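The chain contents come next:
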Amino acid sequence: MVQNSLILHHYYMAMFHPTIRGIIAGCLAVMAAGQFVHASETGMSPDSCAVMLQESAGSYATDDVCTGDTLSDESRCAAIAHPEWGADYYRENWVKQLFANGFRINDPGMNYPKFMRFCLKVYNWGDRTFNSYDPDYVVGTGKNWKLYLNSHNWVQTYAMFFPENLNVRMFSDVYSDLGPSINFMAVGLSYTFNANELFHHPVAQRRNFDWNFTCALFTLRYSRQSTSGGVTIMRFGKYNNGHHISQDFNDVRQKSTTIDGYYFFNHRHYSHAAAYCYSKYQLKSSGTLICGFNYERQDVHIDFSSLPEEMLEFVPDGRMNYKFNYADYNVIIGYGYNCVLHPRRWLFNITALPALGYKHLFRESSDGRKDMFSTNIKVLFSFVYNHKALFSSLTGRFDGGLYLGDAYTFFNSNMSLSLTVGARF
């Protein structure tokens, strides 16, 4: 994150009307610039620099100076600190200044209006409060922007377990999304293509939306997903003597909404962002206890009646339709660990987040009950490689949920694997 610094906002202009006095003022600026460089090298503060400017300019300041065009001492310090920007920089609108200085929002000399200055103060307060680390363990990358290309691939699984060792197992097609993303600090913009259609290998209809926010203390995630069809039955009760099969099956519809939020207890030494957001460097290996909440809304409909006739007689339990419509309210208690293989270069993360709680079933669910015990599991991993401004990562995620019916157990999951390549600037 950007470090806090003094916000200086006056315009830079110190012009004498007579030509000779203009030359003297220019010489004075050069003299003061040399003193400022010396002050910076010796660790002097901007206040000390302002005092030096006053002392240097004292013998030249007269009533002939156009006071309406002069700067405060702090602003003159800012102007001298960045002479390469030129005097016009300090007259510009603050938006143009951001483009000129590479979006360093805390740079001196910014002409922020009052509201934007207030927003910056709020942001800096939040950065200090929610995003502080022990610099011996975690440091920032020194960059505000990230541009990267992401290949996201995911698959869904469905499994039903019945008595007498009967089970049904189904896997969806692999859904692939490909697209670029650009991020400025905590704000990002992404666009993804349906890679299956792009490379002429269309699969079932699906929609996928994923949003997350991560800071040092906690992370929040909101995900919404829906699919229809595109499933392959791999095992179906006693059909084919219970051995592996490959039967296309399109009568599966799924909708889900997930909200997660969890807190990192060892947030001074552990950075989730280093492994999954690429905005920090983890310098030493560290782990943390993780606690939080999980809300899961699932609506799954499976209809076996469209299967070939020779398979219908092997439908377990003789039921053709199954509906799983429920909401889970869970407590998460887990652990995450960052293993630093090479500081600022190689990082491996593994995170396990079991969740326990209450499952509320809606009326159309197959079992006709209202209350159940809920148990879900989330597992994440990440390999990250950094090389100067460049980075790449391989990340995986597993989300699984258990449904304990009267005569069977239903387990569905979502597994994803992503490859990311990008650069910071």
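Note that the structure is predicted; figures quoted are calculated from it, not measured.

Cut-offs applied
- Residues numbered from 1 in each chain as written.
- Predicted model: local features only at pLDDT ≥ 70, side-chain atom pairs only at ≥ 80, totals over all residues.
- Heavy atoms only, no water.
- Helix = DSSP H or I, 4+ residues; strand = E, 2+ residues; numbered from the N terminus.
- Contact = heavy atoms within 4.5 Å.
- Polar contact = N/O pair within 3.5 Å; in protein donor to acceptor, adjacent residues only side chain to side chain.
- Core = buried A, V, L, I, M, F, W, Y, C linked by side-chain atoms within 4.5 Å.
- Buried < 20%, exposed > 50% of the residue type's maximum accessible area, 1.4 Å probe, protein only.
- Patch = residues over 30% accessible without salt bridge, like charges linked within 9 Å, V, L, I, M, F, W, Y side chains within 5 Å.
- Areas by Shrake-Rupley, 256 points an atom, 1.4 Å probe, with all protein chains shown as cover.
- Salt bridge = Lys/Arg side-chain N within 4 Å of Asp/Glu carboxyl O.
- Phe/Tyr/Trp six-rings, centres within 6.5 Å; stacked < 30°, edge-to-face > 60°.

J.: A description of the environment of Q298 should follow, citing residues and the corresponding values.
T.: Its location among the elements puts Q298 in strand 13 (residues 286-303). Note: C-alpha distance between Q298 and Q254 (44 residues apart in sequence) is 7.5 Å. Each residue touching Q298, except ones within four places of it in the same chain, is listed here: Q254, K255, S256, F324, N325, Y326 and N412. A distance of 3.5 Å separates the side chain of Q298 from the side chain of N412, its partner in a polar contact.

J.: I'd like to hear about the nonpolar core, residue by residue, with values.
T.: If you look at the biggest cluster of nonpolar residues, it comprises 26 residues, and the most contacted ones within it are M160, M170, F236, I302, F304, F324 and F410. Counting only elements with at least two residues in this core, the list comes to strand 2 (145-162), strand 3 (166-172), strand 9 (231-236), strand 13 and strand 14 (321-342). Among residues more than four places away in sequence, those in contact with F236 are N167, V168, I245, F304, L307, M311, F314, V315 and P316. Formed by 17 residues, the second largest nonpolar core is a distinct cluster that contains Y148, A274, I332 and A355.

J.: Could you give an account of a nonpolar patch on the surface, with specific residues and numbers?
T.: On the surface, Y263, F265, L289, V331, I333, Y335, Y337, I350 and V379 cluster together to form a nonpolar patch covering roughly 800 Å² of accessible area. Top contributing element to the nonpolar patch by residue count: strand 14, with four residues. Within the fold, Y263 resides in strand 11 (residues 252-264). Taking relative accessible area as the criterion, Y263 reaches 31% and is therefore assigned partly exposed.

J.: Which residues make up the pattern of salt bridges, and what values do they have?
T.: Overall, the coordinates contain nine salt bridges when judged by the stated rule. For the salt bridge of D260 with R221, the shortest nitrogen-to-oxygen distance reads 3.8 Å. On the criterion of sequence distance, the pair formed by D260 in strand 11 and R221 in strand 8 (residues 218-228) is long-range, its members being 39 residues apart. For the pair D260 and R221, a shared accessibility class is recorded, and that class is buried. With its nearest N and O atoms 3.7 Å apart, the salt bridge here joins E296 to K378. Here E296, found in strand 13, pairs with K378, found in strand 16 (residues 371-387); they are 82 residues apart in sequence, far enough to count as distant.

J.: Outline the packing of aromatic side chains, listing residues and values.
T.: This model, assessed by the stated rule, comprises 30 aromatic pairs. Relative to F218, the ring of F130 lies with its centre 6.1 Å away and its plane at 80°, an arrangement referred to as edge-to-face. Residue F130 is located in helix 5 (residues 114-130), and its partner F218 is located in strand 8; the two are separated by 88 residues in the primary sequence. Among the residues examined, F218 registers a relative accessible area of 23% and is labelled partly exposed. A ring pair is formed by Y295 and Y329, whose centres lie 5.5 Å apart and whose planes are at 55°; its orientation type is tilted. Here the residue Y295 occupies a position in strand 13, and Y329 occupies one in strand 14, the gap between them amounting to 34 residues. Here a set of aromatic residues connected by ring pairs shows up, and it is made of F162, F236, F249, F304, Y322, F324, Y326, Y403, Y408 and F410.

Worth remembering: the numbers are spatial, not functional.
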